[in-house]
Amino acid sequence: MSRKKTLITLVTTLLLAGCTGIPENIKPIDDFQLNNYLGTWYEIARLDHSFEQGLTNVTGQYSLREDGGVQVVNKGFSKEDQEWKIAEGKAYFVNDPDVGHLKVSFFGPFYSSYVIFDLDTINYHYAFITSYSKKYLWLLARTPKVSDELMQQFIETARTKGFDTQEIIFVEQEPADF
């Protein structure tokens, strides 16, 4: 029985660790300053996935938690349901607090990678984010619109890193009728 329990623990640990890994050819940024990252970010572009499908006006709000982690509140408007969808989570650094690699959880003890692989480290105006897999990709900005140059930089960087840039969607950040 002890051998079975050890095997289950090992498999569970490997599965959970795999979700906080970093995809091939991606390097989290160094010199990350959490206090500069806190606040509101607008989702400009993403690879679509089930938990955000159909959402517009998507934002992420990051603030400090009492335990030293980060409170994460993601919010988006569903035109189909005519309501706001809100997901609250928490994030912690995987290793060093000056490296842009965090683990985020919206579901109890299950964490997923939050890898910042490009960032305006002077003004913190934009960030390129992925997760443990290249199926996930986001362009976040401090404003609801970005320049064409930044959009092209995002697409070209994503393409050279191996993301499927043909599948990128651009998030509507217009005032909604609600």
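The structure we're discussing is the one just above.
Residues numbered from 1 in each chain as written. Predicted model: local features only at pLDDT ≥ 70, side-chain atom pairs only at ≥ 80, totals over all residues. Heavy atoms only, no water.

Visitor: Sorry, what's going on with helix α3 (residues 148-161) here?
Guide: Residue pairs three or four apart in sequence face the same way in an α-helix, which turns once every 3.6 residues. An ideal rise of 1.5 Å per residue puts 20 Å on 14 residues; α3 measures up with 20 Å between its terminal C-alpha atoms. Within the span of α3, buried status applies to L150, M151, F154, T157 and A158. Down the axis of α3, the buried side of the element spans an arc of 135 degrees, and every buried residue falls inside it. Residues D148, E149 and Q152 are exposed on α3 and point more than 90 degrees away from its buried face. Looking at the buried positions of α3, the neighbouring elements they touch are β1 (39-47), β6 (110-119), β7 (126-130), β8 (137-141) and β9 (168-170). (Helix = DSSP H or I, 4+ residues; strand = E, 2+ residues; numbered from the N terminus. Expected span 1.5 Å × (residues − 1). Buried < 20%, exposed > 50% of the residue type's maximum accessible area, 1.4 Å probe, protein only. Arc of directions from axis to C-beta. Contact = heavy atoms within 4.5 Å.)

Visitor: Got a minute to help me understand the side chain of E52 in this structure?
Guide: Summarising the element assignment, E52 is placed in the loop between β1 and β2 (55-64). In this structure E52 touches E43, R46, V58 and W138, once residues within four positions along its chain are discounted.

Visitor: I would appreciate a short explanation of empty space enclosed by the protein in the present structure.
Guide: Counted according to the given criterion, the structure contains one cavity of 30 Å³ or more. Those elements that provide at least two residues to the lining of the largest cavity are α2 (34-37), β3 (70-78), β5 (101-107) and β6. Tallied by class, the residues present in the lining of the largest cavity amount to eleven nonpolar, no polar and no charged. (1 Å grid on protein atoms, 1.4 Å probe; cavity = no way out; pocket = protein on both sides within 12 Å on 5 of 7 lines; lining within 4 Å. Points joined across faces, edges and corners; volume = space filled by probe spheres on them. Nonpolar A, V, L, I, M, F, W, Y, C, P; charged D, E, K, R; others polar.)

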